[in-house]
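# Report on the structure
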Amino acid sequence: MADLTSDFLGIKSPNPFWLASAPPTDKEYNVRRAFEAGWGGVVWKTLGAEGPPVVNVNGPRYGAIYGADRRLLGLNNIELITDRPLETNLEEMARVKADYPDRALIASIMVPCDEASWKAILPRVAETNADGIELNFGCPHGMSERGMGAAVGQVPEYIEMVTRWCKQYYDRPVIVKLTPNITDVRYPARAAKNGGADAVSLINTISSITSVNLDSFSPEPSIDGKGSHGGYCGPAVKPIAMNMVAEIARDAETHGLPISGIGGITTWRDAAEFMALGAGNVQVCTAAMTYGFRIVQEMISGLSQWMDEKGYTSIDDFVGMAVPNVTDWQYLNLNYVAKAKIDQDACIKCGRCYAACEDTSHQAIWMKEGRVFEVNDAECVACNLCVEVCPVEGCISMEPMEIGQTDPRTGRVVVEEYANWTSHPNNPMSRAAE
Amino acid sequence: MANSLMASGIVAQRLNAEELASNFSDLHPAYAPHEAAVAADRCYFCYDAPCTTACPTDIDIPMFIREIQTGNPEAAARTILEQNILGGMCARVCPTETLCEEVCVRETSEGKPVEIGRLQRFATDTLMAAGVHPFERAALTGKRVAVVGAGPAGLACAHRLAMLGHEVVIHEAKPKAGGLNNFGIAAYKSTDNFADREIEWLLQIGGITIETGKALGPDLSLDHLTSGFDAVFLSIGLAGVNALRLQGEDMKGMRDAVDFIEELRSSSDLSTLPVGRNVVVIGGGMTAVDAAVQSKLLGAENVTIAYRRGRDAMPASGFEQDLAAAKGVKLMFNVMPVALKGDGAVSAVELEYTSVIDGKVTGTGETIELPADQVFKAIGQTLRGAPDGLSLDGGKITVNEVGRTSKDMVWAGGDCASGGDDLTVTAVAEGRDAAMDIHAQLTS
Ligand SMILES: Cc1cc2nc3c(=O)[nH]c(=O)nc-3n(C[C@H](O)[C@H](O)[C@H](O)COP(=O)(O)OP(=O)(O)OC[C@H]3O[C@@H](n4cnc5c(N)ncnc54)[C@H](O)[C@@H]3O)c2cc1C
Ligand SMILES: Cc1cc2nc3c(=O)[nH]c(=O)nc-3n(C[C@H](O)[C@H](O)[C@H](O)COP(=O)(O)O)c2cc1C
Ligand code: SF4
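For every chain, the first residue of its written sequence is number 1, and the numbers climb from 1 along that sequence. A letter from A marks each chain and a number from 1 marks each ligand, given out in the order of writing. Only residues with pLDDT of at least 70 get local features here, since the model is predicted, and only at 80 or more are side-chain atom pairs given and counted; chain-wide, interface and lining totals rely on the full set of residues. For the side-chain quantities, the full set of heavy atoms in the structure was used; hydrogens and water were omitted.

## Regarding empty space enclosed by the protein
All names here are of chain A. Rules: Using a grid of 1 Å spacing that covers the protein atoms alone, one calls a set of points a cavity when a 1.4 Å probe fits there but cannot get out, and a pocket when the set is open and has protein on both sides within 12 Å along at least five of seven lines; lining residues are those with an atom within 4 Å of a point. Grid points are joined across faces, edges and corners, and a volume is the space filled by probe spheres set on the points. By the criteria applied, helices consist of DSSP H or I runs no shorter than four residues and strands consist of E runs no shorter than two, each listed in order from the N terminus. Gly is put with the polar residues, along with every residue not named as nonpolar or charged; the nonpolar set is Ala, Val, Leu, Ile, Met, Phe, Trp, Tyr, Cys and Pro, and the charged set is Asp, Glu, Lys and Arg.
In this structure the tally under the stated criterion is nine cavities of 30 Å³ or more. Lining of the largest cavity is provided by 32 residues; of these, Ser21, Ala22, Asn204, Thr205 and Cys285 occupy positions nearest its centre. Only strand 6 (72-77), strand 16 (281-284) and helix 9 (286-291) provide two or more residues apiece to the lining of the largest cavity. Here the element with the most residues in the lining of the largest cavity is helix 9; it accounts for three residues. The residue inventory of the lining of the largest cavity, partitioned by class, reads 17 nonpolar, 12 polar and three charged.

So this is what it looks like as structure tokens:
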């Protein structure tokens, strides 16, 4: 069986699956049970400064969106950082770390944006023997109104400044957790790097309103008739998170900066995809909150099975493998031509491809006698919509045209050489004309 | 005092009240809302959906399922009822396995169709439970239409006409409306008095009068109706039954299956309903299956369906054959009755094995005798009491695709009219379509 051992910033864990800082990691009881269930590490629920702890709302904290059969696809929350006393958390962290020396235990921290506050808390955290710290610059609700969380994460200068303080007053790895509520994630990532961060983790939750009650006209979750935007997470955010991870992985300035991938990871496959895009390990929150701690066993068995099939013996064998294949649109090969092809034996004749292509795309699917659906190559632009809407996996495929064939849509012969937009004659800024 | 299953002869109380109640409960219980949501999620919203094409009333099935999916069963019910005002009954009695569900693409892909019938029931039950009648009458036209027969064809026709602003009088021979909805459909398909509740709900449209105890015939002629009304719709079903043409057919214990079912459906206490210990049902359609299954459910010990052709030719669907088998009914194929034994009361049926050569059933000479204290004949119903002067086609009133008969201003639909399967849903479609044509004629 493949070796899933993870070494992230020198922090060892038996597998790359950590629980993200959130309710699953809010106390000793949970974390002990998570470790017993097999999680490789945890990022403890975010600690605040000494003093009276924050208070949470006393009504609903979560909203959700569902797919078929009420499968939870997206979760949103208005919870704050830990509402338990700092001292209690620190004592528990120390006890748990002592009992589980082989697991990763990271302290997540969010204190006001001044040097004194950080200087005060960091030694206390160090005493717990935690393996490192994660700076929560992500929380998009509540704490951001008090100048913390996303309010810091949205200003690269603050990120750099706070990261620098942490590197100054703390001698173990510092991970900066980024908020996705920005326009270009490379700026905060560069700032973290410049401040000396050992790694970035992303994403934290996305500002969102999941639903509106059409009787009371209150956003959900509703607290006495009013709602506030919450942080969105779960399977629905995975595509957004993966793009952000890839952006950082392939950015010239941050390339090589270790990344802990977070956002919608629910299965071993999600984890493998994040890691292929450059994440050294992954963190999970919503999936555990939906299904319980036991899901990590599926992640472990799934990842090992896949690694065995591929012949990978260590996770480093595939981390970042997809990064070179992420490029800008302008470099995509415009000489690559494909056509949709419908496997008549697999087709169940629902006609969804037809409705999609006929109503909203390129009128490239024929509906013939007996509900036979066929692609008209002379119209097909290979957009992939029919593939996406077909309920039968593998029924419609995108077949590349062979070199030398003539594309009946354009009348042009498919050629072998690569040519992209930068050199295309339609591009007013074409650079290859000369 | 309960009789045992083994008591011989035709006796009541073979089972206790509790067993009877459980035996005659809903065949397909109603969905709870969550079950409906899960079932609705399976629909692919097909383009030009095969299920809609297969539905004789052309219900926009993907649309109503999508309306259920989005939490709006009332709108779903409207989508159904616009096409089929007896959508509630059809949801319970349609042989969906040979109609909409047979062609569901999920059937193609997984062998398990979207459960359209049960979803239809969920939607229509929700609306009816809310006591809502979603249609209103158009401005009154002053035209009056006579409908003869208050079965599904007559009711569907009447509702559509009333909705379009006409005044409708339904003449029904029996003391009660509903036709086979009330007297034919198996009890476990229409529980809790559904047929009556549905009629009451349907009549909320207004403009429909039902006159029971009024039979077209010597006391009420077609000419009388055509002169007193602007149009006439005939939906008298099939009131006659075919005979076996064997000696002893009038012995005690010999009975038409439809009579037995009618008695069963009219009974307010099933424990008083007598049934034989050894029951043989002759026939192979829905009526045969229903008579056999309900005999079994009443406590008959041995029930056999004897059908003269092979399984593939049996008019009862595979689902119904399986249902019968699951309830403990024995299905015999390629056998036909050749003699009835007994002295005053039937005691056995002699069957001869058959082979089908060029479509013709021929005896092989080999026979088998089944003990029988009750024999139900279910070999087909026939048109009875059709007014003179109408052309007939294969024993049914000749109609064109919109239900016009050979006589001016007289339409017909349902089982009594030519064309279409003898199904509740077909009767509804024909009643509705005739109403649309009557409306066009009366307002042109
Ligand atoms: C036992 C049995 C089980 C069945 N099960 C199913 C099933 O599960 N699913 C399904 O889809 N179909 C089933 N059918 C078929 C279905 O019931 C019929 O196709 C449908 O009822 C036909 O409707 P209709 O309105 O044409 O006739 P009917 O329902 O027969 O209604 C005719 C009405 O006309 C009245 N009438 C007759 N003669 C006169 C007259 N001279 N004057 C005034 N009124 C008159 C009758 O009393 C009756 O009320 C079954 C049929 C039988 C017999
Ligand atoms: C209820 C809830 C509370 C959270 N609290 C914190 C927190 O205190 N600190 C933090 O860094 N992230 C917090 N998060 C964000 C998660 O750690 C994680 O970044 C996010 O949920 C995306 O991952 P997921 O899709 O696996 O849930 C919270 C998330 C949820 C759902
Ligand atoms: S790939 Fe796009 S254009 Fe081609 S057939 Fe499919 S939907 Fe139509």
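## A look at the sheet that holds strand 10 (residues 335-343) of chain B
All names here are of chain B. Cut-off, in case you're wondering: Here the rule is simple: two strands pair whenever DSSP picks up at least two bridges between them. Axis angles are defined between N-to-C directions and span 0 to 180 degrees, where every axis is a line fitted to C-alpha atoms and, for a helix, only to the segment in contact.
Read across the sheet, three strands follow the order 10-11-12 without closing on themselves; strand pairing throughout is antiparallel. Each having just a single partner strand, strand 10 and strand 12 (360-371) make up the two edges of the open sheet. Each strand axis lies, on average, 25° off the axis of its neighbour in the sheet, ignoring direction.

## Things to note about the domain arrangement of chain A
Applied cut-off: Each domain's extent was defined by an automatic or database domain assignment.
Each domain of chain A was delimited in the assignment, giving domain 1 (6-325) and domain 2 (329-433). A separation of 40 Å is found between the C-alpha centroids of domain 1 of chain A and domain 2 of chain A.

## Brief notes about unusual backbone geometry
Residues and elements named next belong to chain A. Cis geometry marks the peptide bond from leucine 202 to isoleucine 203, where omega comes out at 15°. Counting through the fold element by element, isoleucine 203 comes out in the loop between strand 10 (199-202) and strand 11 (206-208). Residue proline 221 follows glutamate 220 across a cis peptide bond; omega there is -5°. Note that proline 221 resides in the loop between strand 13 (219-220) and strand 14 (230-233).

## Here's the deal with the site of ligand 1
Residues and elements named next belong to chain B. What counts here: Near, as used in this document, describes a residue that has one of its heavy atoms within 4 Å of the molecule or strand being considered. Whenever two N or O atoms come within 3.5 Å, that pair is a polar contact, provided that in protein one can donate a hydrogen and the other can accept it, and provided that, for residues adjacent in sequence, both atoms are side-chain atoms. Residue exposure ignores everything except the shown protein chains as possible cover, and the areas themselves are Shrake-Rupley values with a 1.4 Å probe.
The environment of ligand 1 is formed by 35 residues, the closest being Val93, Glu172, Leu180, Lys189 and Asp415. The contact in question runs from an oxygen atom of ligand 1 to an N or O atom on the backbone of leucine 180, over 2.9 Å. With respect to ligand 1, the side chain of aspartate 415 contributes an N or O atom lying 2.8 Å from an oxygen atom. Protein chains bury 95% of the 990 Å² of accessible surface belonging to ligand 1 in isolation. Looking at the shell around ligand 1, the elements that each hand over two or more residues are helix 9 (152-163), strand 2 (167-172), helix 13 (257-266), helix 14 (286-298) and helix 16 (424-443). When residues of the shell around ligand 1 are assigned to their parent elements, the largest contribution, three residues, is made by helix 14. Looking at the shell around ligand 1 residue by residue, the classes come out as 17 nonpolar, 11 polar and seven charged. When residues of the shell around ligand 1 are sorted by domain, at least three fall in each of domain 2 (144-239 + 383-443) and domain 3 (241-380).

## Structural notes on the side chain of Asp373(B)
For clarity, the threshold we go by: Exposure classes here rest on a 1.4 Å probe applied to the protein chains alone. A residue is buried below 20% of its type maximum, exposed above 50%, and partly exposed in between. Charge assignment: positive for Lys and Arg, negative for Asp and Glu; neither His nor the chain ends contribute. In what follows, salt bridge is the name for a side-chain nitrogen of Lys or Arg lying within 4 Å of a carboxyl oxygen of Asp or Glu.
With respect to the secondary-structure elements, Asp373(B) resides in the loop between strand 12 and strand 13 (374-378). Buried and unpaired, Asp373(B) has Arg14(B) as its nearest opposite-charge partner, separated by 5.1 Å.

## Re the domain arrangement of chain B
Much of the literature gives interface size as the accessible area that the parts lose upon coming together. All names here are of chain B. Rule in force here: The criterion used for residue contact is that any of the two residues' heavy atoms lie within 4.5 Å. By convention, the term buried area covers the 1.4 Å-probe accessible surface removed from two parts as they join, with the contributions of both added.
Considered domain by domain, chain B is made up of domain 1 (33-129), domain 2 (144-239 + 383-443) and domain 3 (241-380). Taking the mean C-alpha position of each, domain 1 and domain 2 sit 26 Å from one another. Taken residue by residue, the interface counts 20 residues in domain 1 and 21 residues in domain 2. Summed over both sides, the interface of domain 1 with domain 2 buries roughly 1,800 Å², with 74% coming from carbon and sulfur.

## Some details on the pairing of strand 12 of chain B
Residues and elements named next belong to chain B. Pairing between strand 11 (residues 345-357) and strand 12: nine bridges, direction antiparallel. Of the residues in strand 12, the one forming a bridge with valine 349 is leucine 370. Count of turn residues in the strand 11/strand 12 antiparallel hairpin: two residues, of which aspartate 358 carries a positive phi of about 50°.

## Brief notes about helix 11 (residues 194-202) of chain B
Heads up, the rule is: Directions drawn from the helix axis to the C-beta atoms are what define this arc.
Those residues of helix 11 of chain B that fall on the buried side of the exposure criterion are Phe194(B), Ala195(B), Glu198(B), Ile199(B), Trp201(B) and Leu202(B). The buried residues of helix 11 of chain B occupy an angular sector of 160° when projected down its axis, which confines them to one face.

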